[in-house]
Each structure stands twice: as structure tokens, then as C-alpha cells.
Amino acid sequence: MPHAPCDTLIHSAHLVVDRGRELPGGWIALTGGRVAAVGAADEPTPEAAERIDAGGRLVTPGLINTHHHMYQNLTRAYAPAINGSLFDWLTALYPVWAQLDVDDIEISTYIAMIELLMGGCTTSSDHLYVHPRPGFVDAQVRAAREVGMRFVATRGSMTRSVEDGGLPPASVVQDHDAIMADAEAVIAAHHDPSPGAMVRIALAPCSPFSVSERIMVSSAELSARTGVRLHTHLAEDHDEDDYCAEVYGCRPVEYLERVGWAGERTWLAHFIYPSEDEVARLGRAGVSATQCPSSNMMIGHGTMDALRWKELGMAVGLGCDGSASTDSASLWMETRNALLLGRLRNGPASMQARDALDLATRGSAQCLGWEDEIGHLRPGACADLVVWETHPVALAGALTDPVEGWLRTGPARAWHTLVAGEVLVRDGEPVAPALGEMLRAHRRSAERLQAAALG
């Protein structure tokens, strides 16, 4: 039976439809922002308004970034912070971020999203927890709509300043009522729970050492009432164990359970130092977690055992974390580093390229509660995908397995990136007419912020 005509046909690809289903020489048809059909090399293709020849390249579902701090690309490789511990790093950077304004947020979000698209990411969340001025989430949503990326914006928060025993200066924390009022407002303005949504909202108090117990409880209650998801940093550093014992009288995971966060709407960033019993307990409750491989290595304080956490029943995705610690926002690199860390930790037979790809696609989609529509390319899925390019010199000799070759060689980049069927990267370059001016504006913002902090 012939296929119906489609908007876009990508053919002559090694097509990864889903974990366990690959079509060498295959094709994928996209219509109305959805996957209409997929086919093998010997199946007839439908008529299409646009045909894209993948040229034998690997095509995968778009990678999904489940933890980021986009504004931090304004302080990449910031010299006063590069060699400190996590707490040292935060202390050095909070005074810089206290100067952020709405334009800085919109510009940095735009640049972050372009960088993510170039690295094969089609959906990203962002953990924006610094709010020295109003309107930051609105600015991020404007940038996402201009770029065309699928986006989960989080209304992050901090309530506990240095004066209250936390880390951030008073200028970047807010009181409980202001946070919750703005959270209600951004959910009402921007959260779209419908299928195929381009923008959703989550609530994201920063960490146990920067927010009050009251804001954690209120966020859980608002999540239960509205259905939005919950996100926070947890079990990231041994200092956090000591802090929670002193302030809350328990371990970080016990604290999470106490404030009503141990449920299926919650995903955690880093989650490096729980016990196996704690992982299994939260996994049974439906909590998921994000590994940030490059950031973990850059700060040098450990990393999640992703495959072990999965064995214990927890869904695990990937994130690139903030540019100030990672200094890069390539989900391809995070996927490769997840592969390397898994093998380093557990041996060469423990983790394969498809395991890492699964973390970056299906696992990340589970973190965002979106596994029905993204993270795979089955018919009906959102038309979010990447045609990958690796230089022929780097691929020379990689003949037997294109997925292993994709992560074992490299670097790879997105040759074409499509979100909701729209081509946002074409032939390796962003389809973004405003990019040049936005880069110049980004430079001006970064210079202003860093100069102010350095005096």
C-alpha cells in the first residue's frame, strides 16, 4: 500500500528508530511536525515536498538535555572560579550572576539553544535559579520561540543567603511568597501540557543548601495541583551530606522524601552520592535522575554510576550542566563521556554506544515525563531528529557498526537538526539570521558582567 505524501523525507540513512530497531539505508517521512512513517531501504518512499539525502549518515532521535544553566555561558572559563571545589566555584560566581538582567537572560538562552542544536540536542530543559530581577523565565520563553527549540523552562529559586547559612549573596535570593507568586504566573502564562507542546514549565528550587524547607513543600504542593514537574540538585557533594545532617537532621534523600518530592514528577540533577538502597527506594517511587558527565569531571568530585542506577530501577538521562563548569553545551560530547565514564567505572563490557544513546534519548525523555512523544522516532512521535556528520578522515575504517563509530570516533556534529519537522541546522550551520548580532550582544553582556565582578 503506498504511503501518503509527506512534508519532508529523509532517506539513505542508517536510521535509529528506537532502542532495538535500526534501518540501514532507511528513510523517515515527516508531516505536520510528526513522524508519519519509517521504512527500510527496499521499501518504496512516499512523495515529499522536500527530500533530504542523508548520504549514508547516521540519523537518530534528537538528543535531550535534562539539566542546564544557560545564563552561565556568560561566564565560561571564568578564571577566578576554574580550580575550586563546587562550593568555592559557586561562591566565586554568585556575585557575577547577581548583575544579570532580562536582556542577559534572553541573549544567553538564545546562544545556548543554538549551541545545543549544533550538538544534536532538540529538546532542552534549563535550571534557572538566579532571579535578581523579574521576568527571567518570560525572556527564556521568548528566546525559545525565536530559535524554535522544544523547551522545558524551570522556575528555579533560592531563599537562603549567606546571612541565613546558605551560599548565595542576599541580592540573588527571594522570599517564599514572591517565588510562589511568580511560579503561579509563569505556569499560567507558558505551561502547555498538550501533545506536541513546544514550551512546558517545571519548578526547580536550587538545592538543599540554598532553599528553605518551606519552599520545597510549597513547590511540591503546586506541582500536585498543576501537574508540572519538579527538579533540583541533590546528593552532588559530600559537603551536602554534612549540611543536611546539621540543618535537617537527616541525609539528602530522606529530606527529599520528607518534603514530598519522592514521586514520579521529580527528576534530580547529578545524584552522585546516594546509597544503593536510596536509589532503589526513589526509583520505586518514580523519581528519575540526570548524569552530567563533563561537569562532574571538570569539577572533579565524582559522577553517577548511571547503569547501576538503572539496574536499581531508576530512569537516568543526560545533561550538559552550566557552561561555567562544563564550558561546552554539546550533547554529543555528553553522550560520549557517559560512555567513557561507564566503561572506566565498570569495565569495557559494561556499556556500549547504544546504552549511552539510550540515556541521551529515552532516558532523558523519561526525566522530563515526555517518553510518549520524544526520544524515539516511531510513527506518531514528534519530528525531532538529527542527521550526524563526522569527517571522513575520522570515520576511515569504521565499517562494521555506525552507532559505535558515531561515539568512538569524532568529533561528530549535527549536519541537519530538525525540531517539530523544521530544519534548524542545515549542512552544519544554524538557520538563525539573528545569530551574528546575538553573538555581538552576548560579548557585550559577558564583558560587562565580568568586568563588574573583577572591579
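Going by the structure above, here's the rest.
Residues numbered from 1 in each chain as written. Predicted model: local features only at pLDDT ≥ 70, side-chain atom pairs only at ≥ 80, totals over all residues. Heavy atoms only, no water.

**Examining the packing of helix 2 (residues 102-118) against helix 16 (residues 435-454)**
Defined as follows: Working convention: axes come from line fits to C-alpha atoms, limited for helices to the stretch in contact. Angles between N-to-C directions cover 0 to 180 degrees. Helix numbering and strand numbering both begin at the N terminus, where a helix is a DSSP run of H or I of at least 4 residues and a strand a DSSP run of E of at least 2. Angular relationships are summarised with four words: roughly parallel below 35 degrees, roughly antiparallel beyond 145, roughly perpendicular across 65 to 115, and oblique for the angles in between. Handedness of a helix crossing follows the sense of rotation of the near helix relative to the far helix, less than a right angle counterclockwise being left-handed and clockwise being right-handed. Residue contacts follow a heavy-atom distance rule, with two residues in contact if any of their heavy atoms lie within 4.5 Å. For this classification, Asp, Glu, Lys and Arg are treated as charged, while Ala, Val, Leu, Ile, Met, Phe, Trp, Tyr, Cys and Pro are nonpolar and the rest, including Gly, are polar.
At a minimum axis distance of 9 Å, the contact between helix 2 and helix 16 shows a crossing angle of 125 degrees. By the angle between their directions, the pair helix 2 and helix 16 is classed as oblique. Every pair of crossing elements has a handedness; the one defined by helix 2 and helix 16 is left-handed. Together, D104, E106, I107, S108, Y110, I111 and I114 of helix 2 and L435, M438, L439, A441, H442, S445, R448 and L449 of helix 16 make up the contact between the two elements. Here the contact of helix 2 with helix 16 is composed, by residue class, of nine nonpolar, three polar and three charged.

**Structural notes on the pattern of salt bridges**
Let me state the cut-off plainly: Only one rule defines a salt bridge in this text: a Lys or Arg side-chain nitrogen within 4 Å of an Asp or Glu carboxyl oxygen. Here's how the labels work: a residue is buried when its accessible area is under 20% of the maximum for its type, exposed when over 50%, partly exposed in between, all with a 1.4 Å probe on protein chains only.
Using the criterion set out here, one finds 29 salt bridges in the structure. D182 is the salt-bridge partner of R155, the closest N and O atoms lying 2.9 Å from each other. Of this pair, R155 sits in strand 8 (residues 150-157) while D182 sits in helix 4 (residues 176-190), placing them 27 residues apart in sequence. For D182, a relative accessible area of 25% translates into the label partly exposed. Beyond isolated ion pairs, a larger network of salt bridges with shared partners links R19, K310, D355 and D358.

**Some words on the environment of S364**
The following threshold applies: Identification of polar contacts relies on pairs of N or O atoms within 3.5 Å, with a donor-acceptor requirement for protein atoms, meaning one able to donate a hydrogen and the other able to accept it, and with residues adjacent in sequence counted only if both atoms are side-chain atoms.
By the secondary structure assignment, S364 is in helix 13 (residues 353-367). In sequence terms S364 and N65 are 299 residues apart; their C-alpha atoms lie 6.9 Å from each other. With near-sequence residues (within four places) excluded, S364 lies in contact with I64, T66, V316, G317, L318 and L359. At 3.0 Å, the side chain of S364 forms a polar contact with the backbone nitrogen of L318.

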